[in-house]
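Each chain, written out:
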Amino acid sequence: RELSQLLRPVILDDFGLDAGLRWLAEKFSQRTNIAADYESTFSTRLAEETETHLFRIAQEALTNVARHSGATRVEIRLTQNDGTVRLRIADNGKGMPGAVPEAGLGMVGMRARAHHAGGEMSLHPSPGGGLTIEVWAPRTFSSHDTHEPEQEDAHPVSR
C-alpha cells in the first residue's frame, strides 16, 4: 500500500499537487529525520499529467537529498507566476562538487519529466552550500477547473 501511495498517492488525485507535496514533505521528514520546510502560493489544480510529473520530480529530488547530500534541511517551494508553475527544492548539504549532476539516471529522469510537462529543469548551488533544483512548467489547468461558458439552448421552450 505504501509503495502504491508513493507512486501515485490518492491525495494527489483528490486534493492536487499542493496537498500532495505537503504530504510528501511530511512523510520525507518523518522517514529521514531531515527537516523539510514546505511553502506554497499555489492552490489551483493542474492537468493530471503535469501534477504527476512535478510530484515525481519532487519525490526523486528528495530521494537524492536523503541518499547523497548529507543535508539536515530541505526547502520545497511551489509558486505560480506569468502562466507558469515553479517547483524549487533546495538543501543545505554538500552539493555536487566536481560532479556532473546531469549524468545520473535520477537527474535524467527528472529532466525528462520536466520536458514532458512542457517545461525545464535547472540545477545550481544553494546559497551557503547544497543544491537547488528548479523546475518550471506551463500552468495547464485540470479539466475540473476549466469553466467553459454555458451555451444557450438553441431551441428554447416558450411558455
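Each remark here, short or long, concerns the structure printed above.
Remember, predicted model here, so these are calculated numbers, not experimental data. Residue positions are counted from 1 within each chain, in the order its sequence is given. Per-residue local features are limited, in this predicted model, to residues with pLDDT of at least 70; the limit for side-chain atom pairs, both in listing and counting, is 80 or more; totals at the level of whole chains, interfaces and linings are taken over all residues. Side-chain metrics rest on all non-hydrogen atoms present in the structure, leaving aside hydrogens and water.

K.L.:
Please provide a residue-by-residue account of the overall build of the protein, values included.
P.N.:
Under the DSSP-based scheme used, a helix requires at least four consecutive residues in state H or I and a strand at least two consecutive residues in state E, with every element numbered from the N terminus. If you tally the helices and strands in the protein, you get five helices and five strands. Residues classed as buried in the protein amount to 37% of the 159 residues present. Looking at the protein alone, contacts between residues at least 24 apart form 64% of all its contacts between residues at least 6 apart. Under the scheme applied here, a residue whose accessible area is under 20% of the maximum for its type counts as buried, over 50% as exposed, and between as partly exposed, the area being computed with a 1.4 Å probe on protein chains only. In what follows, residue pairs with any heavy atoms lying within 4.5 Å of each other are defined as contacts.

K.L.:
Kindly report on the environment of Thr63, identifying the contributing residues and their values.
P.N.:
With respect to the element layout, Thr63 can be found in helix 4 (residues 48–69). For the pair Thr63 and Thr32, spaced 31 residues apart in sequence, the C-alpha to C-alpha distance is 9.8 Å.

K.L.:
Tell me what's going on with the packing of helix 4 against helix 5 (residues 105–116), and back it up with residues and numbers.
P.N.:
What counts as an axis is a line fitted to C-alpha atoms, over the stretch in contact for a helix, and the angles between N-to-C directions run from 0 to 180 degrees. One way to put it is that helix 4 packs onto helix 5 with a least axis distance of 9 Å and a crossing angle of 160 degrees. Comparing their axes, helix 5 and helix 4 come out roughly antiparallel. Regarding helix 4 and helix 5, the two cross each other, and that crossing is left-handed. Only Gly106, Met107, Met110, Arg113, Ala114 and His116 of helix 5 make contact with helix 4, whose side of the interface consists of Glu49, Thr52, His53, Arg56, Ile57, Glu60, Ala61 and Asn64. Each residue receives one of three labels: charged for Asp, Glu, Lys and Arg, nonpolar for Ala, Val, Leu, Ile, Met, Phe, Trp, Tyr, Cys and Pro, and polar for the others, Gly being one of them. Class assignment of the residues belonging to the contact of helix 4 with helix 5 gives a composition of five nonpolar, five polar and four charged. The scheme is simple: roughly parallel for angles under 35 degrees, roughly antiparallel for over 145, roughly perpendicular for 65 to 115, oblique for anything else. Helix crossings get a hand from a simple test, with the near helix turned counterclockwise from the far one by less than a right angle marking a left-handed crossing and a clockwise turn marking a right-handed one.

K.L.:
Describe helix 5, with residues and values.
P.N.:
Expected span of a helix, by definition, is 1.5 Å for each gap between consecutive residues, and there is one gap fewer than residues. The end-to-end C-alpha distance of helix 5 is 16 Å, a good match for the 16 Å that 12 residues give at a rise of 1.5 Å each. Those residues of helix 5 that sit buried are Met107, Met110 and Ala114. The buried residues of helix 5 occupy an angular sector of 60 degrees when projected down its axis, which confines them to one face. Opposite its buried face, helix 5 presents the exposed residues Leu105, His115 and His116, each directed more than 90 degrees away. For helix 5, the elements touching its buried residues are helix 4, strand 4 (120–125) and strand 5 (131–138). Positive backbone phi, approximately 90 degrees, marks Gly118, located one or two places after helix 5. Here, the arc refers to the directions that run from the helix axis to the C-beta atoms.

K.L.:
Please provide a residue-by-residue account of the nonpolar core, values included.
P.N.:
Formed by 35 residues in total, the largest nonpolar core has its most connected members in Leu21, Leu87 and Ile133. It is helix 4 that contributes the most residues to this core, seven residues altogether. Beyond its immediate chain neighbours, meaning those up to four positions away, Leu21 contacts Tyr38, Phe55, Ala58, Leu78 and Leu87. We define the nonpolar core as a collection of buried residues of types Ala, Val, Leu, Ile, Met, Phe, Trp, Tyr and Cys that are connected through side-chain atoms lying within 4.5 Å of one another.

K.L.:
Please provide a residue-by-residue account of unusual backbone geometry, values included.
P.N.:
A negative phi angle is the norm for most residues apart from glycine, just as the trans form is the norm for most peptide bonds. The backbone of Asn33 sits at a positive phi, close to 60 degrees, despite the residue not being glycine. Note that Asn33 resides in the loop between helix 3 (17–32) and strand 1 (35–40). On the basis of relative accessible area, Asn33 is assigned to the exposed category, the value being 70%. You will see that Asp82, though not glycine, has its phi angle at about 45 degrees, which is positive.

K.L.:
With reference to specific residues and values, describe the packing of helix 3 against helix 4.
P.N.:
For the pair helix 3 and helix 4, the least separation of the axes is 10 Å and the interaxial angle reads 15 degrees. When the interaxial angle is binned, helix 3 and helix 4 end up roughly parallel. Helix-helix and strand crossings are classified by hand; for helix 3 and helix 4 the assignment is right-handed. Residue-level contacts link Leu17, Gly20, Leu21, Trp23, Leu24, Phe28 and Thr32 of helix 3 to Glu51, Leu54, Phe55, Ala58, Gln59, Leu62, Val65 and Ala66 of helix 4. When its residues are assigned to classes, the contact of helix 3 with helix 4 shows 11 nonpolar, three polar and one charged.

K.L.:
Could you give an account of the pairing of strand 2 (residues 73–81), naming the residues involved and the relevant values?
P.N.:
The pairing criterion for strands is at least two bridges between them, as found by DSSP. As judged from the six bridges shared by strand 1 and strand 2, these two strands associate in the parallel manner. In the sheet register, Asp37 faces strand 2, and the bridge partner there is Glu75. A clockwise path from the first strand over the helix to the second, with the strands pointing away from the viewer, defines a right-handed crossover. In this fold, the crossover linking strand 1 to strand 2 by way of helix 4 has left-handed handedness. Note that strand 2 and strand 3 (residues 84–91) share eight bridges and pair antiparallel. Looking at the pairing, Glu75 lines up with Ala90 of strand 3. Counting the residues between successive antiparallel strands, the hairpin from strand 2 to strand 3 contains two residues, one of them, Asp82, with a positive phi of roughly 45 degrees.

All we've got here are geometric facts, nothing functional implied.
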